[in-house]
Amino acid sequence: MAGQHDDHDHDDHSHGDHSHEGHDHDHFHRIHSEEVDALLMSIADIEISARVKALEELLTQKGLVDPSALDAVVDLYENQIGPKNGARVIARAWADPVYKAWLLADPNAAIADLGFAGAQGENMVALENTADVHNVVVCTLCSCYPWPVLGLPPVWYKSMPYRTRIVRDPRSVLAEFGTVLPDSTEIRVWDSNSEVRYLVVPRRPEGTEGLDEAALAALVSRDSMIGVTEALSPEPA
Amino acid sequence: MNSVHDCGGFDGFGRVVPAGYDGSEPVFKHEWERRMCALFMVTIGAHYSDDEFRQSRERLEPVTYLTRPYYEQWWFAVARLMMEKGLMTPEEFGRHLAAGRAPSADILAGDA
């Protein structure tokens, strides 16, 4: 289950130091890597569906994975965890200034208060967008993302075009998403890492004064919580 | 490790937003992606750490890293870790894969 994710040892690997390994580990690799590389290269062009199926079957046969756990984890990440969670957090922050202050000061506690916690969300940072500052999140090195509030990341977030360009020319990337900010707005790009995950708090749209939290949440898109767009505007009455 | 995964700031990778993008997409586009993601979720923590997983993905040679889909990169990373940790041998995985694909198992190096 995903909960196992919480159990492993966290050492102090920073993003810039992924290759740090102990001596014993290096030795282990020297013994086995050549044979493993040869096998992986020899089967690299077999269709991926067959390679995944074979891996699942062999690990199941060996008792290393439980097929029912596989189905449960698929259901969790496909149907239960997703950006609707994050939208509830943002809607509460828009509706309740005390909650918003809590979210910005102690995001782990404020997010857990709505029932959202778990792997890849252990150390959250909430970033508030304002008229002067717009925040946007990336993981340049891999695909770090706050699973408990946003689910699994979209393909573009994990893609080379986004990872390479958002840190160098964020304004042009935002424009591709239809987000054109005034030149006077500062754009801050936050590079996620193994330990810290970010949630953007988009600006509350105008014309939403009378809306309840459920109606507000419907305006909070996933992309606005990554920071590549702003929140949606309400349909004109 | 210094390799292509450390890509922040590189030029030339083109557009970010896919054609026709409307702000949503399915969590998985293919059944194999769903199964690979699940295999990762149930083996990380139990058999390898976050950091070992990342490093295993980063050890993909650059052309493979740049050209294979995301969840296929996960397949390489997890398969490598399971073999390097001795939980399955390259020989038995190769044999199992070939058996599941018979009669075209001659693609497998050494079995031709």
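Residues numbered from 1 in each chain as written. Chains lettered and ligands numbered in written order. Predicted model: local features only at pLDDT ≥ 70, side-chain atom pairs only at ≥ 80, totals over all residues. Heavy atoms only, no water.

Student: How should the overall build of chain B be read in this particular structure?
Tutor: Check the secondary structure of chain B and you find five helices and zero strands. In sequence order, chain B lays out its α and β elements as α-α-α-α-α. Within chain B, buried positions represent 56% of all 112 residues. A fraction of 55% describes how many contacts in chain B between residues 6 or more apart in sequence connect residues 24 or more apart. Accessible surface, chain B: about 4,800 Å² in total, of which carbon and sulfur atoms supply 54%. (Helix = DSSP H or I, 4+ residues; strand = E, 2+ residues; numbered from the N terminus. Buried < 20%, exposed > 50% of the residue type's maximum accessible area, 1.4 Å probe, protein only. Contact = heavy atoms within 4.5 Å. Areas by Shrake-Rupley, 256 points an atom, 1.4 Å probe, with all protein chains shown as cover.)

Student: Before we go on, may I ask you to explain the overall build of chain A in this structure?
Tutor: Along chain A, the regular secondary structure elements total twelve helices and four strands. Counting the 237 residues in chain A, one finds 51% classified as buried. When contacts within chain A are restricted to residue pairs at least 6 apart in sequence, long-range pairs at least 24 apart make up 69% of them. Taken as a whole, chain A presents about 10,800 Å² of accessible surface, with 51% of it coming from carbon and sulfur.

Student: What exactly am I supposed to notice about the pattern of salt bridges here?
Tutor: Following the criterion strictly, the structure yields 25 salt bridges over all chains and no others. Put simply, D45 of chain A and R68 of chain B hold a salt bridge, and the shortest N to O gap is 2.8 Å. Taken together, the residues D45 of chain A in the loop between α1 (23–43) and α2 (48–61) and R68 of chain B in the loop between α3 (62–67) and α4 (70–84) connect one chain to another. Of the residues examined, D45 of chain A reaches a relative accessible area of 71% and is grouped as exposed. Where K62 of chain A meets E92 of chain B, a salt bridge forms, and the shortest distance between an N and an O atom there is 3.0 Å. (Salt bridge = Lys/Arg side-chain N within 4 Å of Asp/Glu carboxyl O.)

Student: What is the right way to read the interface of chain A and chain B from this model?
Tutor: Interfaces are often sized by the amount of accessible area the parts lose when they come together. Contact with chain A, which involves 76 residues of that partner, is made by 73 residues of chain B. Summed over both partners, the interface of chain A with chain B buries about 7,000 Å², with 63% contributed by carbon and sulfur atoms. For R35 of chain B, the salt bridge is made with E56 of chain A, and the minimal N-O distance between the two is 2.8 Å. Residue assignment for the side of chain A that touches chain B shows that the elements contributing at least two residues are α1, α2, α3 (67–80), α8 (155–158), α9 (160–165), α10 (170–176) and α12 (222–226) of chain A. Class assignment for the residues of the side of chain A that touches chain B results in 37 nonpolar, 19 polar and 20 charged. (Buried area = accessible area lost by both parts, 1.4 Å probe. Nonpolar A, V, L, I, M, F, W, Y, C, P; charged D, E, K, R; others polar.)

Student: Explain a nonpolar patch on the surface here, please?
Tutor: There is a patch of nonpolar side chains on the surface, built from F10, F13 and L66 of chain B and spanning about 240 Å² of accessible area. Mapping L66 of chain B onto the fold places it in helix α3. (Patch = residues over 30% accessible without salt bridge, like charges linked within 9 Å, V, L, I, M, F, W, Y side chains within 5 Å.)

Student: So what exactly am I meant to see when it comes to α4 of chain B here?
Tutor: End to end, α4 of chain B covers 21 Å across 15 residues, agreeing with the expected 21 Å (1.5 Å per residue, within 8%). A large share of α4 of chain B lies buried, amounting to 15 of its 15 residues. (Expected span 1.5 Å × (residues − 1).)

Student: How should empty space enclosed by the protein be read in this particular structure?
Tutor: One water molecule sets the probe size; rolling that probe over the atoms shows where empty space is left. By the definition in use, this model includes three cavities of 30 Å³ or more. In this structure, the largest cavity encloses a volume near 220 Å³. Looking at the largest cavity, it is lined by 22 residues, and the ones nearest its centre are S143 of chain A together with F53, R54, Y70 and W74 of chain B. For the lining of the largest cavity, the secondary-structure elements that each account for two or more residues are α2 (50–58) and α4 of chain B. If you tally residues by element for the lining of the largest cavity, the top one is α2 of chain B, at five residues. Tallied by class, residues from the lining of the largest cavity come to 13 nonpolar, four polar and five charged. (1 Å grid on protein atoms, 1.4 Å probe; cavity = no way out; pocket = protein on both sides within 12 Å on 5 of 7 lines; lining within 4 Å. Points joined across faces, edges and corners; volume = space filled by probe spheres on them.)

Student: Explain the packing of aromatic side chains here, please?
Tutor: Two descriptors summarise a pair of aromatic rings, namely the distance from one centre to the other and the angle between the planes of the rings. Scanning the entire structure with this criterion turns up 19 aromatic pairs over all chains. Ring centres of W156 of chain A and Y157 of chain A lie 6.2 Å apart, and the angle between their planes is 70°; this geometry places the pair in the edge-to-face category. As far as burial versus exposure is concerned, W156 of chain A and Y157 of chain A are alike and both buried. Seen in terms of ring centroids, F40 of chain B and F53 of chain B are 4.5 Å apart; in terms of plane orientation they differ by 50°. Their pairing is tilted. Of this pair, F40 of chain B sits in helix α1 (residues 31–43) while F53 of chain B is found in helix α2, placing the two residues 13 residues apart along the sequence. F53 of chain B carries the same exposure label as F40 of chain B, and that label is buried. Taken together, the aromatic side chains of F28, F40, Y48, F53, Y70, Y71 and W74 of chain B make up a single cluster linked through ring pairs. The ring of W75 of chain B is capped by R51 of chain A, whose NZ or CZ atom sits 4.7 Å from the centre of that ring. (Phe/Tyr/Trp six-rings, centres within 6.5 Å; stacked < 30°, edge-to-face > 60°. Lys NZ or Arg CZ within 6 Å of the ring centre and 35° of its normal.)

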